[in-house]
Amino acid sequence: MSKPAPVPDDSDAPPYGPAMSRLNEKQRKFVEILCGPSGPAHGSGRTTWAAGGAGYGKANSTDHTLGAIAGRLVTLPEVRAAVAESLQSQIHVLAPQALEALRTLATSKNPQQVRAIESVLNRIVPPVAPTVNVKLEYTPPTPAATAAILARIAALAAQAGMRSLPPPTDAVDAEFKDVADE
Amino acid sequence: MSEPRCVPIGHAFFFIAAAVGKRILADLPMKAGERLRLLEKMNSMLDCHFRAEHLQLIEPASDAELAMVTEAQSLDPKGPRKPDDYSLPPSVHLLASSIQEFAKVNVGIRSVLAIYNAGRHVVASVH
């Protein structure tokens, strides 16, 4: 009898995130392989390869079958959420490397490299747009102030010999309608 | 009508500006605040020579007068003026020197010019 494979001790492994925790074991394995560093590139059978590695299908399952299984897996919302969670955590892992690269690139003239690092850093620490708190207050003129302005207009108009002027347009150009009291 | 003898260029321009201002007040719909600003500008043109009774005589500008003003203003340089540019725009000189043309179509301007030419606009003032 062959020796059983040792059960991996994952007591030191970091706990899964909430999205990964909601998956069953096979699905979680699928996501781990899919988001891992090895395997074919995306678009070259990576999901099929991840499904096979996670134990989906049978020993004699074809790539076509595994591809169909993988296709269904990646459409599951919980799997998609777990993939996003996994990628996000990997990006965070890249942060020290990106910072180190930034340091060495302080004198670099390679804009593409700088942009790539900047992109990684933006995902880790999203750029925060400067916030400006503006408090707008509008105090409608009092009836007395309105009357004083209209009186001044009338006086100046009379002084200019313009006894009648068309009524002023509304200060607020908007349609309104009467509503019944509730 | 004889040539004006004692109408300063600024006053001649004010006569025209007053006519245009009156036309705008009479025809253009505007808010109370805009109307007040325009009336205050017209009020600021008055002094001990160009007085309220003269302003009252001037009639709102006709379409022909507005066209003349628009044509004159087309001579002015476009864009913001330099901070140290204190020269009058060309349209001011042109309009003021054309005051007789305005007097032909605006009986109010004609009356005010007559008052100026007769020297009746000058009042005694103590400074």
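Bear in mind the structure is a predicted one, so any value in this text is a computation, not a measurement.

*Asks:* Kindly report on the confidence of the model for chain A, identifying the contributing residues and their values.
*Replies:* Residue and element names in this part refer to chain A. Residues of chain A with pLDDT of at least 70 account for 74%, and the chain-wide mean is 78. Mean pLDDT values over the elements of chain A span from 70, in helix α6 (residues 111–124), up to 91, in helix α7 (residues 143–159). Considering only residues more than four positions removed or in separate chains, one finds that residues 1–7, a stretch of pLDDT under 50, has 0 contacts.

*Asks:* Explain the packing of aromatic side chains residue by residue, including any values.
*Replies:* A full pass over the atoms with the stated rule returns 3 aromatic pairs over all chains. Geometrically, the ring pair formed by Phe30 of chain A and Tyr56 of chain A is edge-to-face, given 6.5 Å between the ring centres and 90 degrees between the ring planes. Of this pair, Phe30 of chain A sits in helix α2 (residues 25–34) while Tyr56 of chain A sits in the loop between α3 (46–53) and α4 (63–73), and the two are 26 residues apart along the sequence. The two residues Phe30 of chain A and Tyr56 of chain A agree in class, both being buried. With centroids separated by 5.0 Å and ring planes inclined at 70 degrees, the aromatic side chains of Phe15 of chain B and Phe50 of chain B adopt a geometry described as edge-to-face. Highlighted residues: Phe15 of chain B in helix α1 (residues 9–27) and Phe50 of chain B in the loop between α2 (32–44) and α3 (52–57), separated in sequence by 35 residues. Across the pair, Phe50 of chain B and Phe15 of chain B agree in class, each one buried. Ring pairing ties together the aromatic residues Phe15, Phe50 and Tyr116 of chain B, which thus form one cluster. Its guanidinium or amino end placed over the ring of Tyr56 of chain A, Lys26 of chain A lies 4.9 Å from that ring's centre, counting from NZ or CZ.

*Asks:* An account of the interface of chain A and chain B is needed here, citing residue identities and associated values.
*Replies:* Of the residues lining the interface, 19 residues belong to chain A; the matching set on chain B comes to 17 residues. Across the chain A/chain B interface, buried area totals approximately 1500 Å², and carbon plus sulfur atoms make up 66% of it. In this structure, the connection of chain A to chain B is made through 1 salt bridge. The shortest N-O distance in the salt bridge between Glu40 of chain B and Arg152 of chain A comes to 2.7 Å. Our enumeration of links across chain A and chain B arrives at 5 residue pairs in polar contact (both at pLDDT 80 or more).

*Asks:* Tell me what's going on with the nonpolar core, and back it up with residues and numbers.
*Replies:* With 36 residues, the main nonpolar core has Phe15, Phe50, Ile58 and Ile109 of chain B as its most contacted residues. Elements supplying a minimum of two residues to this core: α7 of chain A together with α1, α2, α4 (63–73), α5 (90–97), α6 (99–105) and α7 (107–117) of chain B. It is α1 of chain B that provides the largest number of residues to this core, a total of 7 residues. Setting aside its immediate chain neighbours within four residues, Phe50 of chain B contacts His11, Phe14, Phe15, Ala18, Met45, Leu55, Ile58 and Tyr116 of chain B.

*Asks:* I'd like a description of the pattern of salt bridges, backed by residues and values.
*Replies:* All names here are of chain B. Summed over the entire model, instances satisfying the criterion amount to 7 salt bridges over all chains. Close ionic contact of Arg23 with Asp63 constitutes a salt bridge, the shortest N to O distance being 2.6 Å. With a gap of 40 residues between them, Arg23 in helix α1 and Asp63 in helix α4 connect regions that are remote in the sequence. Since its relative accessible area comes to 55%, Asp63 is described here as exposed. Through salt bridges with shared partners, a single network forms among Arg23, Asp27 and Asp63.

The rules behind the values
Residues numbered from 1 in each chain as written. Chains lettered and ligands numbered in written order. Predicted model: local features only at pLDDT ≥ 70, side-chain atom pairs only at ≥ 80, totals over all residues. Heavy atoms only, no water. pLDDT = per-residue confidence, 0-100. Helix = DSSP H or I, 4+ residues; strand = E, 2+ residues; numbered from the N terminus. Contact = heavy atoms within 4.5 Å. Phe/Tyr/Trp six-rings, centres within 6.5 Å; stacked < 30°, edge-to-face > 60°. Buried < 20%, exposed > 50% of the residue type's maximum accessible area, 1.4 Å probe, protein only. Lys NZ or Arg CZ within 6 Å of the ring centre and 35° of its normal. Buried area = accessible area lost by both parts, 1.4 Å probe. Salt bridge = Lys/Arg side-chain N within 4 Å of Asp/Glu carboxyl O. Polar contact = N/O pair within 3.5 Å; in protein donor to acceptor, adjacent residues only side chain to side chain. Core = buried A, V, L, I, M, F, W, Y, C linked by side-chain atoms within 4.5 Å.

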